[in-house]
Amino acid sequence: MTDVHERSGVLHRIFASDSAAAPGDSHEQVVLCHDRDSGLKAVIAIHSTALGPALGGTRFHPYASEEEAVQDALNLARGMSYKNALAGLDLGGGKAVIIGDPAHATEGGAKTEALLRAYGRFVQSLGGRYITACDVGTYVADMDVVARECDFVTGRSPEYGGAGDSSVLTAFGVFQAMRACARHRWGAPTLAGRRVGVAGVGKVGHYLVGHLVEEGAQVVVTDVNADAVARVRAAHPGVEVAADAGALIRANLDVYAPCALGGALDDATVAGLTATVVCGAANNQLAHPGVEKDLADRGILYAPDYLVNAGGVIQVADEIGGFVFDRAKAKAARIYDTTLEIFARAQADGVPPAVAADRLAERRMADIGRLRSILVPGTRRD
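Numbering of residues starts from 1 in each chain and follows the order in which that chain's sequence is written. Since the coordinates come from a predicted model, pLDDT governs what is reported: local features require at least 70, and pairs of side-chain atoms require 80 or more to be given and counted, while whole-chain, interface and lining totals use all residues. Note: side-chain values were computed over all heavy atoms of the structure, leaving out hydrogens and water.

1. Quick word on the packing of helix 6 (residues 167-186) against helix 13 (residues 311-320)
Here the axes come from fitting lines to C-alpha atoms, over the contacting stretch only for helices, and the angles between their N-to-C directions go from 0 to 180 degrees. Comment: elements are numbered from the N terminus, with helices defined as DSSP H or I runs of at least four residues and strands as E runs of at least two. Here helix 6 crosses helix 13 at 135 degrees, and the two axes come no closer than 6 Å. Regarding the angle of helix 6 to helix 13, the classification is oblique. Handedness of the helix 6/helix 13 crossing: right-handed. Contact residues: Val-168, Leu-169 and Thr-170 in helix 6; Gly-311, Gly-312 and Gln-315 in helix 13. Here the contact of helix 6 with helix 13 is composed, by residue class, of two nonpolar, four polar and no charged. The cut-offs work like this: below 35 degrees is roughly parallel, past 145 is roughly antiparallel, 65 to 115 is roughly perpendicular, and the gaps in between are oblique. Left-handed describes a crossing whose near helix is turned anticlockwise from the far helix by less than a right angle; the clockwise case is right-handed. We call two residues contacting when some pair of their heavy atoms lies within 4.5 Å. Classes in brief: Ala, Val, Leu, Ile, Met, Phe, Trp, Tyr, Cys and Pro nonpolar; Asp, Glu, Lys and Arg charged; the others, Gly included, polar.

Below, the structure written as C-alpha cells:
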C-alpha cells in the first residue's frame, strides 16, 4: 500500500491519474533541465494540451529546494490550463521555473545570456508542445535572448515583432474584473470612491494602481521592495502606503488586490480581511483547498485569480499570430463579462465562484479535448 507521504508528494502529483485524483490534478509531462556549464536548473511542467500547445511564462526565483521548485511549476502549470480555457484561447497550460536569483549576476543560477540560451534549447527540444513567455523574474529582454535558441517564445520586444510587456494587459484585465466585482457587489461597475488595497506594486501592480487612481479610487499599497513603492508614490502622490501585507489587510478596505506571489489568501489573512471583495493579479492565491469556502462564509466576494489575471496571456497569445494591440485589448476587456458569468453561475449552483470557474474551465477542456481527439488522426484522450 502506498503511504500518505508518497501519495502527497511530487511524483504522485505528476502521475496522478487514478479515480482518487482531483479533477485537473494530473500533468502530461514534466521536464527537469540542467546545464552544468551555465548553472541552469529549471523545471518545465506541461499540465494539459487538450486545447492546444501549452502556453505559460517562465518564473526565475531563488527556491529553497528543488522540490519546492517542482511543486510551484506544477501548481502554476495547472493554473495556466484553467486560465487559458476560461480566456477562450486554443492553448493548453504549462509553466517553467528557473532556480536562481536574477538579482545576483555572479552566483550560481544567475540570469546570464548563457543560462537563458541553455534554457531556450530545452524549450526548443519539446518541439512546440510548450510555448514560453515572461513571468516573475523574467522580462521582455530575457525572452529575446531565449528566442535566439528557440522558436516557441512569446512576450518578445516590439522590435522583434513581439507584444512587449504583458503586464500592461494583465493589469487592464484585473481592473475589468474588479469593475465586474463592483457591479455584482454594489450595483455599479465603478471603483470611484472605493478604498482598494494593492499588495505588490511590481510589474502588474503599478499599472493596476494607475487604472484605479484614474477611476477615482482611494488606493493603499504595500510591497517588500521599497523602490517599487517609491515609484508608485512618485507617479501617484495621493496613494497611501501600508507597512506590510498584514497591516494592509487590516486596513479599512472595500477591495483587497493580492498582486505578488501565490498563497496570499491563507487562514490568517481571510480571518483578518476587512475588504468584502478580493480581486488581484497574483497566481494561486488560495493557500489550500477550502479557503474559497471560508471567503464565501465570511461574505467576501472572491474573483478567481486565473480568471481575472488572464490579460497577460491573452496579450502574448495574440503575438503567436502577429500581434495587434487593439485586438488583444478587446479580448482582455471580455474578462469583465466572464467574471459576471462566473458570479451568476456560482449563485445558480450554490457554490463559491472559484468552484464555478473550475467547472467551466474543466468542461471546455473536456469538450474541446474530445473534439480534437476526433479531428486529429492518431490521437486519443480518454
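2. Some thoughts on the pattern of salt bridges
Take a side-chain nitrogen of Lys or Arg and a carboxyl oxygen of Asp or Glu: if they are within 4 Å of each other, that pair is a salt bridge. Per the stated rule, a full pass over the model turns up 18 salt bridges. Of the charged contacts in the structure, one is a salt bridge between Arg-148 and Glu-113, with a shortest N-O distance of 3.4 Å. Of this pair, Arg-148 sits in the loop between helix 5 (140-146) and helix 6 while Glu-113 is found in helix 4 (residues 113-125), placing the two residues 35 residues apart along the sequence. Connected through shared salt-bridge partners, Glu-113, Arg-117, Arg-121, Arg-148 and Glu-149 make up one network.

3. Some words on the sheet that holds strand 12 (residues 301-302)
Taken in spatial order, the six strands line up as 9-8-7-10-11-12 in an open sheet, and their pairing is parallel. Two strands bound the open sheet, and with one partner strand each, they are strand 9 (240-241) and strand 12. Two strands qualify as a pair provided that DSSP identifies no fewer than 2 bridges between them. Taken together, the two bridges between strand 8 (residues 218-222) and strand 9 define a ladder with parallel strand orientation. Within strand 9, the position partnered with Val-221 by the bridge is Val-241.

4. Some words on the nonpolar core
Met-178, Leu-191, Val-198, Leu-208, Leu-212 and Cys-279 are the most contacted members of the largest nonpolar core, which totals 62 residues. Ranked by residues supplied to this core, first place goes to helix 6 with nine residues. When near neighbours in sequence (up to four residues on either side) are disregarded, Met-178 contacts Leu-191, Val-196, Leu-208, Leu-212, Val-255, Ala-257 and Cys-279. We call a set of buried Ala, Val, Leu, Ile, Met, Phe, Trp, Tyr and Cys residues a nonpolar core when their side-chain atoms join them within 4.5 Å. Buried, partly exposed and exposed residues are distinguished by accessible area as a fraction of the type maximum, computed with a 1.4 Å probe on protein chains only: under 20%, between the cut-offs, and over 50%, respectively. One finds Ile-46, Val-123, Ala-147 and Val-153 within the second-largest nonpolar core, a separate group that totals 25 residues.

5. Here we look at the side chain of Thr-222
One can find Thr-222 in strand 8. In the analysis that follows, any N or O atom pair within 3.5 Å is treated as a polar contact, provided that within protein one partner can donate a hydrogen and the other can accept it, and provided that, for residues neighboring in sequence, both atoms belong to side chains. At 3.1 Å, the side chain of Thr-222 and the backbone oxygen of Ala-242 are in polar contact. When residues no more than four places from it in sequence are discounted, the contact partners of Thr-222 are Val-198, Ala-199, Gly-200, Val-201, Val-229, Ala-242, Ala-243, Asp-244, Ala-245 and Leu-248.

6. Overview of helix 8 (residues 226-235)
Ala-228, Val-229 and Val-232 are the residues of helix 8 that are buried. Each buried residue of helix 8 sits inside an arc of 100 degrees when the element is viewed along its axis, so together they form one side. Facing away from the buried surface of helix 8 by more than 90 degrees, the exposed residues are Ala-226, Asp-227 and Ala-234. Close packing links the buried residues of helix 8 with helix 7 (205-215), strand 8 and strand 9. Between the side-chain oxygen of the N-cap and the backbone nitrogen of Asp-227 there are 2.9 Å, and the N-cap of helix 8 in question is Asn-225. The arc in question is the one spanned by the directions pointing from the helix axis to the C-beta atoms.

7. Considerations on the pairing of strand 7 (residues 195-199)
When you tally the buried positions in strand 7, you get five out of five residues, the bulk of the element. Alternating residues of strand 7 divide into Arg-195, Gly-197 and Ala-199 and Val-196 and Val-198, and every residue in both groups is buried. Bridge analysis of strand 7 against strand 8 gives five bridges, and the strand direction is parallel. Note on strand 8: the bridge partner recorded for Val-196 is Val-219. The pairing of strand 7 with strand 10 (residues 255-258) spans four bridges and is classified as parallel. Bridging across to strand 10, Val-198 finds its partner in Ala-257.

What is shown is where atoms sit, not what they do.
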